[in-house]
Structure formats: C-alpha cells, structure tokens
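Fold and geometry: a report
As a plain string of letters, each chain reads:
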Amino acid sequence: MKQKSNCKFILFTKSFVLGLVLVAFLGCQQRRPEKVEFGTKSAKKSILAEKPPLGWNSFDSYGVYLHHEAAIDNLEAFAKKLKPYGYEYFVIDLGWYAEYEFFPGTKFPNERHAKDINIDEFGLYEPSECYFPKGLKPIFDRAKELDVKIGVHIMRGIPRKAVKLDLPIKGTSHTASQIADTTSIAEWCPHNYGVDMSKPGAQEWYNSVFKKLADWEVDFVKVDDIIAYPKEIVAVAKAIENSGRPMVYSLSPGQASNTLDHTYYRYANMLRITHDIWDRRKDVQKSFEAWKKYQRTEYPGFWPDLDMIPFGKLKLMSPEVLNNIKRDVRLAGFGHTRESMLTEPLKRQFITQRAMAASPLFIGGDLPTMDTYSLQLLTNSDMLACNQNGVMGINTYSKKDLEVYHVRDKEIVGEGWIGIFNRDEFKPFQGTLSRTDLGLVQQTNGYQVIENPNRIVGHNIWKDSSMEIPLEGIKIQVPPDDVVFLSYSEKL
C-alpha cells in the first residue's frame, strides 16, 4: 500500500510540474503580440458576432463571377427562404470589381481571374462594369428594404494597378508605390500586392478601404490571403474600428492558419480553419480534423470557421460545354456546373458537424434552385439551436471510424446535444455506447464520480423520434457516412 501511495504522489508531482510548464507556455503565447506595437483597442470584442454568424456566400455557386441578375435573384430567395430562420448576411465574394473577358456570345467568363479591375482615383475598388453595370447600390438598397445585412470579399493589400499608376492614398501625401510590398503576392490571385505596414501611409490605406465600405453600409467583410500576415490582420481590425461602422471581420483562407498566431486571429470575428471545402467526401473528413485541432477556442465574438456549405446547385458560371464547345479554361473553384455531389447521409453528417462545432453557417449553393431536402436540413430548428448555442462540441469517444461529440447547453443545466458519427464509407456501426461514451457523466473537479441517475430522454433530430438513454447506455445503429444527432434533456 505504501509503495502504491508513493507512486500516486510521484504521478501527481509530475502532473503538477507538467501543468506549470503548460501554463507558462500558454502564457508566452498570449504575450506574443506585445512584441509588435499595434495597440490593443481593436482586440476588444463587443456583442458583434455574439453567436456564430449565419448567411450566404456567392463563391460555391458563382465562383468569382457573380452578376447583377444572379445577385438579385439570390437576395430575394435569401429573404424568403433563410431570413425567417435567423440567417443574416448576404455576402458577395471575390470578383465584384473585376473586368472579365467573356466566352464569345455569352456572359460566361473566359479567364480564371480578370486581367483588369475597376478602381477609383485613390486605388479603391469599384464595382465592375461587366457584371455590375448599375453598380452595387441597387443590390445594397434592395437588401436594406428586405432587412438583410450585406457583406463583400476583399483581398489583402493594395491593387497592383494602383501601384503601377502610383495613385495617391486618400487623405495623405503618400502614394501606392511607397507602401506596396511587391514581394508579397497571393499565388492564386494576381490583383494585389501586400502592404508594408512599417511604411508611412500604410495604415491610412487600410483606413481608406474600410471608410469606403462603411459609407456603402457594408456589415460583413471577408478578407482573403491574410492569415499568414499578422500585421495586416491587425491593420484591418484598426481600419474597421476607425471607419465608425461595426463590421463582422472574417479571415480567409484557412490552409495557412497557425495556432501560434491565434492571438492575432482574435482581432477578427471568424477564422477559416480549413482549405476551401467542396462537395467531396474527403472534405467532410478533413473538417473533423480541423474541428479537433481548434476545440475550446471559440467564444462570443470569435468563431473558428469550417468554410461554406456546398448544398444545392454549384458552379453555375462554369458549364463544361458552351455553344457545343468544350471549355478549356480552368475557372475558379472546383469542377463544373452540377448539383451537390454529397449524398443525403453525408449532408446530414456535414451539417451536424458544423452545428456541433459552432461554426459559422454560410450556404454556398444557388438559393432560387435549392433542393427541398437541403433546405430542410439548413433550416431545421434543432440544428440551428445547437449551432447558435455557441459551444463547440467535445470529442468524448473515438474508436476506429466511430466518433462521438457532446455539446452542453450553456443556458439550461442537464440539456445539450450528442452527435454519433460513423466515418466509415462502407460499414454500418452497430453497438452499445455508455453514458460515459456519450459525455453524460457528472464531473467533480475534473474527475468522473457517478453516472447521472436521472432519466435522460433523447430526441433523434434527423428522424424526428424520441428515445430514452438508460443508465447502461444505448444500443445504436449508424449507417455508413451518416450520423445520429440527438438533443437530450434530464427528466427527474
């Protein structure tokens, strides 16, 4: 007995020391921004994005080629089909300022990224004349009438066209060429250079960008190619603050995200933690790994983002054949015009994953033609309640291809959600899961003490049926690539 007691003491001591080391390490991470004098005011979160933002983004369905008619049609459908369920933001992605060459006799693009863009005398983006000949104002005005919030996409940095013309930076004596970092270039988009934030006029450039967006009454800004550039992340946050208009600030893309830069990311409201997600099984699987990596990093005002929801019709501006001619131009995004390739089980797994991860929900498919089943999933009240609860689910059980996640209700003790995911593509799961496996165990100072003796009733969300969860656990069947999604409550 004495030897056993000593072993416990040794283990406790090692754990205590390791804990101190971990606290010190995390403390170093939190102090990292002090090495750069940016100030801290912009990092303070208000109630903006208190819950995971909900909306639509044009990229999955229109790539970087959204045009006026499609924007209006999707806006009307958004107000009718999604707004009643709490969706707020209508976001126009990259390309709204680009002047494209068209495939002969059509409005379909004949180049991946436009060789020319439309800017004003200060180098600031203006709506393209090819796709928005009336400007964006009619779309923004209609959004206001429908009480829908508007968002736009911008690239990090300053247009190369502005640098070539050496245009003045609004309100300063500086010019574009004086602040551009011509070595900092997005590999996949030719429009911009990065900004050297050590140069006079650099912050004023970003201020001018966001002052213009504020004057347009923009509510949401997706900033691309920025995750690897902490100084510009903070510069954008300052510019939004200086604009005088609250805007949800979304960081994209996700493939370069680094947990060591997490303190900088928190200057924004949303952080992409994946690459572009499409209607492919492998993308659903990769999202699980991103979810695990960023567990416990969410809080009101800051949400890890698993990217858009590719349900419905996709890539409408990218037909494979035009005028009986096969396209040989590789356009932005993945593949050609199609209906989402996700099966119904994978759609259930996909949306349950995002609900339980407290990820922002931004639909990517075409809204006027959205299929009934996808729309039912996207507007399900239990799914939305789980997502808007704003607590990221914790992995409570993993064995081979079966994973269980648990989300507590932050408002009501004894209630929450459970997701039982079968990640096997071919084999169904059949077995028993205990209350411990499901995360339904009382905790005292971090230790499991006793299983809750209360009656627990679960509601199978996707089957709309009820079940009891007894003390010994539940026998469950989960088909391949599917999920059992439960909301539960304790009944005394």
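1. Some remarks on the overall build of the protein
Helices and strands together make up the secondary structure of the protein, namely 13 helices and 27 strands. Here the protein holds 492 residues, and the buried ones make up 56% of them. Long-range pairs, those at least 24 residues apart, make up 73% of the contacts in the protein with a sequence separation of at least 6.

2. Side note on the sheet that holds strand E8 (residues 192–195)
Two orientations exist for strands paired in a sheet by backbone hydrogen bonds: parallel and antiparallel. The strand order E6-E8-E7 describes an open sheet built from three strands, whose pairing is antiparallel. Each edge of the open sheet is held by one strand with a lone partner, namely strand E6 (158–159) and strand E7 (180–185).

3. A short note on the side chain of aspartate 225
Here aspartate 225 shows up in the loop between strand E9 (220–224) and helix H8 (230–243). If we skip the residues at most four places from it in the chain, aspartate 225 touches Met155, Arg156, Ala186, Trp188, Ser252 and Pro253.

4. Comments concerning the sheet that holds strand E18 (residues 394–399)
One open sheet holds the six strands; their spatial order is E18-E19-E20-E27-E24-E25, and the pairing between them is antiparallel. Edge positions in the sheet fall to E18 and strand E25 (465–469), since each of these pairs with one other strand and no more. On average, adjacent strands in this sheet sit at an angle of 25 degrees to one another, irrespective of strand direction. Packed onto the sheet, helix H11 (residues 344–356) meets strand E19 (402–408), strand E20 (415–422) and strand E27 (482–491) and runs at close to 45 degrees relative to E27.

5. Things to note about the packing of aromatic side chains
Evaluated as defined, the whole model comprises 23 aromatic pairs. Members of the aromatic cluster, each reached through a chain of ring pairs, are Trp96, Tyr97, Tyr125, Phe140 and Trp216.

6. Quick word on the pairing of strand E10 (residues 248–251)
Of the two faces of E10, the one carrying Val248 and Ser250 and the one carrying Tyr249 and Leu251 are both buried. Here E9 runs beside E10; their pairing, made up of four bridges, is parallel. Note on E10: the bridge partner recorded for valine 223 is leucine 251. Of the crossover connections in this fold, the one passing from E9 over H8 to the parallel E10 is right-handed.

7. Describing the environment of lysine 137
Within the secondary structure, lysine 137 is located in helix H4 (residues 137–145). Accessibility expressed as a relative area gives 57% for lysine 137, which makes it exposed.

8. Thoughts on the nonpolar core
Within the largest apolar cluster, 132 residues are counted, with the highest numbers of intra-cluster contacts made by Tyr87, Ile158, Phe210 and Tyr249. Contacts of tyrosine 87, omitting those with residues within four sequence positions, involve Leu54, Gly55, Phe78, Leu82, Leu361, Ile363, Leu378, Met383 and Leu384. Ranked by size, the runner-up nonpolar core spans 17 residues in total, among them Phe429, Ile456, Ile474 and Tyr488.

9. Observations concerning the pattern of salt bridges
Following the criterion strictly, the structure yields 30 salt bridges and no others. Residues arginine 142 and glutamate 145 are paired through a salt bridge, measuring 2.9 Å at the closest nitrogen-oxygen approach. Of this pair, arginine 142 and glutamate 145 both sit in helix H4, separated by three residues, roughly a single helical turn. Assessed through its relative accessible area of 59%, glutamate 145 is described here as exposed. One salt bridge connects arginine 156 with aspartate 225, and the closest N-O pair in it is separated by 3.0 Å. Of this pair, arginine 156 sits in the loop between strand E5 (149–155) and E6 while aspartate 225 sits in the loop between E9 and H8, and the two are 69 residues apart along the sequence. Aspartate 225 shares its class with arginine 156; the two are buried. Shared partners join several salt bridges into a network, and the residues in it are Glu289, Lys292, Glu403 and Arg423.

10. Structural notes on the environment of lysine 463
If you trace the backbone, lysine 463 turns up in the loop between strand E24 (455–460) and E25. The sequence separation of lysine 463 and valine 484 amounts to 21 residues, and the corresponding C-alpha distance is 8.7 Å.

11. With respect to helix H10 (residues 281–293)
Taken together, the buried positions of H10 are occupied by Asp283, Val284, Gln285, Ser287, Phe288, Ala290 and Trp291. Looking at the buried residues of H10, the elements they touch are H11, E19 and E20.

12. A few points about the packing of helix H7 (residues 202–215) against H8
Remark: H7 packs on H8, axes separated minimally by 8 Å, with the N-to-C direction vectors making an angle of 50 degrees. Between H7 and H8, the interaxial angle falls into the category oblique. Handedness of the H7/H8 crossing: right-handed. Across the interface between the two elements, Gln203, Tyr206, Asn207, Phe210, Lys211 and Ala214 from H7 touch Glu232, Ala235, Val236, Lys238, Ala239, Ile240, Asn242 and Ser243 from H8. Residues belonging to the contact of H7 with H8 are distributed by class as follows: seven nonpolar, four polar and three charged.

13. Points about the confidence of the model for the protein
The predicted model of the protein averages 89 in pLDDT, with 87% of residues at 70 or higher. Throughout residues 444–451 the model reports pLDDT below 50, and contacts reaching past four residues in sequence, or to other chains, amount to twelve contacts.

14. A word on the packing of H10 against H11
It is at 11 Å that the axes of H10 and H11 come closest, and there the two elements cross at 20 degrees. As summarised for this structure, H10 and H11 are arranged roughly parallel, according to the angle between their axes. Of the two possible hands of crossing, H10 and H11 adopt the one that is left-handed. Here H10 contributes Arg281, Val284, Gln285, Ser287, Phe288 and Trp291 to the contact with H11, which in turn contributes Leu346, Gln349, Phe350, Gln353, Arg354 and Met356. A breakdown of the residues in the contact of H10 with H11 according to their chemical character gives six nonpolar, four polar and two charged.

About the thresholds
Residues numbered from 1 in each chain as written. Predicted model: local features only at pLDDT ≥ 70, side-chain atom pairs only at ≥ 80, totals over all residues. Heavy atoms only, no water. Helix = DSSP H or I, 4+ residues; strand = E, 2+ residues; numbered from the N terminus. Buried < 20%, exposed > 50% of the residue type's maximum accessible area, 1.4 Å probe, protein only. Contact = heavy atoms within 4.5 Å. Pairing = 2+ DSSP bridges. Axes fitted to C-alpha atoms, helices over the stretch in contact; angles between N-to-C directions. Phe/Tyr/Trp six-rings, centres within 6.5 Å; stacked < 30°, edge-to-face > 60°. Right-handed = clockwise from strand over helix to strand, strands pointing away. Core = buried A, V, L, I, M, F, W, Y, C linked by side-chain atoms within 4.5 Å. Salt bridge = Lys/Arg side-chain N within 4 Å of Asp/Glu carboxyl O. Parallel < 35°, antiparallel > 145°, perpendicular 65-115°, else oblique. Left-handed = near helix turned anticlockwise from the far one by under 90°. Nonpolar A, V, L, I, M, F, W, Y, C, P; charged D, E, K, R; others polar. pLDDT = per-residue confidence, 0-100.

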